[in-house]
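Chain by chain, the residues:
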Amino acid sequence: MKAIVCTKYGPPDVLELKEVEKPTPKEDEALVRVHAASLNAADFEMLRGTWSARFGGLLKPRHTILGSDIAGRIEAVGRNVKQFHPGDGIWGDLSECGFGAFAEYVCVPENAVRLKPTSMTFEEAAAVPSAGVVALQNLRGVGSSSLSFLLSDKGHIQSGQKVLIHGAGGGVGTFAVQIAKAFGAEVTGVDSTRKLDMLRSIGADHVIDYTQEDFTKSGQRYDLILDVVASQSIFDYKRALNPKGIYVMVGGSLADWE
Ligand SMILES: NC(=O)c1ccc[n+]([C@@H]2O[C@H](COP(=O)([O-])OP(=O)(O)OC[C@H]3O[C@@H](n4cnc5c(N)ncnc54)[C@H](OP(=O)(O)O)[C@@H]3O)[C@@H](O)[C@H]2O)c1
């Protein structure tokens, strides 16, 4: 099968389209023919070997075929796999089970994927798993990756709250804007100039161009800030929060966070 293989950190010139052996599923795995895979900022961080990516491989990538978010069809199943059959359309996030989405086939444990809704195309489904789940979990306050302050025991987001998404135009942010609107929040999206119209089109009530304005200095206060860029000091974010407001950091680099 063909796969995009990465044996050293980069870029440039570290991705090779190669012929590799087609995997065979173990007893508790399914073999998936990959129809679509999405690219997230996290994939690029793994390619570059940022400090968090190097926990898994100090000098070279631990996983030579990257890619976490897939949609595809089950081609074969191991004898212990109960919930899937050849031909089933599935989607899922492989970041907890060895990655491997950037290939024609990948073997996955049964619990890493779910049946894909038939109303979604493979391309639509592959765009959802990690970015959508991270946005949903962290707005609801049930995520494991969030660093949050003054947590409410009802979860974070409540109808009528003023919610600001910092980095709203990217993978996580575009899901977060739409999910926050669905929860009934008044949503402000912060991103660069070229993304502001798109943010309005997906429901943002207010938009701020970070290249022109620092939202932490506007005097506006928010009940919840979901931050996917972590570009400012924690004291700046605190200034933009209401007294019982919540700050949730889901991305960016700790190195940038003072
Ligand atoms: N996607 C996932 O599944 C996932 C899961 C867990 C954690 N994360 C983490 O979350 C972070 C973001 O992921 P992502 O996939 O959403 O990335 P992304 O698609 O690159 O989105 C980041 C967005 O932030 C904007 N931005 C950059 N600097 C900004 C600033 N100073 N103020 C406001 N907006 C700014 C970018 O716009 P420009 O084009 O102007 O730069 C871009 O639209 C990463 O650190 C990633 O590791 C992502």
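**Topic: the pattern of salt bridges**
Logical step 1: Under the defined criterion, the tally for this structure stands at 9 salt bridges.
Logical step 2: Across the pair Lys-22 and Glu-75 runs a salt bridge, and its minimum N-O distance is 3.3 Å. Here Lys-22, found in the loop between strand E2 (15-19) and strand E3 (29-38), pairs with Glu-75, found in strand E4 (residues 69-77); they are 53 residues apart in sequence, far enough to count as distant.
Logical step 3: Since its relative accessible area comes to 35%, Lys-22 is described here as partly exposed.
Logical step 4: In this structure Glu-75 comes out as partly exposed when scored by relative accessible area, which is 33%.
Logical step 5: Of the charged contacts in the structure, one is a salt bridge between Arg-200 and Asp-197, with a shortest N-O distance of 2.7 Å. In this pair, Arg-200 and Asp-197 both sit in helix H5 (residues 196-201), 3 residues apart, roughly one turn of the helix.
Logical step 6: What makes Arg-200 partly exposed here is its relative accessible area of 45%.

**Focus: the side chain of Lys-116**
Logical step 1: Mapped onto the fold, Lys-116 is located in the loop between strand E7 (113-115) and helix H2 (122-126).
Logical step 2: Among buried charged residues, Lys-116 stands out as having no salt bridge; its nearest opposite-charge side chain is Glu-124, 7.4 Å away.
Logical step 3: Those residues within four positions of Lys-116 in sequence are excluded, and the remaining contacts are Ala-71, Gly-89, Ile-90, Trp-91, Thr-121, Phe-122 and Ala-125.

**Things to note about the pairing of strand E9 (residues 162-166)**
Where a strand is regular, its side chains alternate between the two sheet faces.
Logical step 1: Summarising burial for E9: 4 of the 5 residues are buried, a large majority.
Logical step 2: Of the pairings in the sheet, the one linking E9 to strand E10 (residues 186-191) comprises 5 bridges and is parallel in character. In the sheet register, His-166 faces E10, and the bridge partner there is Val-190.
Logical step 3: In this fold, E9 hands off to helix H4 (residues 171-182), which returns the chain to E10; that crossover is right-handed.

Definitions and cut-offs
- Residues numbered from 1 in each chain as written.
- Predicted model: local features only at pLDDT ≥ 70, side-chain atom pairs only at ≥ 80, totals over all residues.
- Heavy atoms only, no water.
- Salt bridge = Lys/Arg side-chain N within 4 Å of Asp/Glu carboxyl O.
- Helix = DSSP H or I, 4+ residues; strand = E, 2+ residues; numbered from the N terminus.
- Buried < 20%, exposed > 50% of the residue type's maximum accessible area, 1.4 Å probe, protein only.
- Lys, Arg positive; Asp, Glu negative; His and termini not counted.
- Contact = heavy atoms within 4.5 Å.
- Pairing = 2+ DSSP bridges.
- Right-handed = clockwise from strand over helix to strand, strands pointing away.

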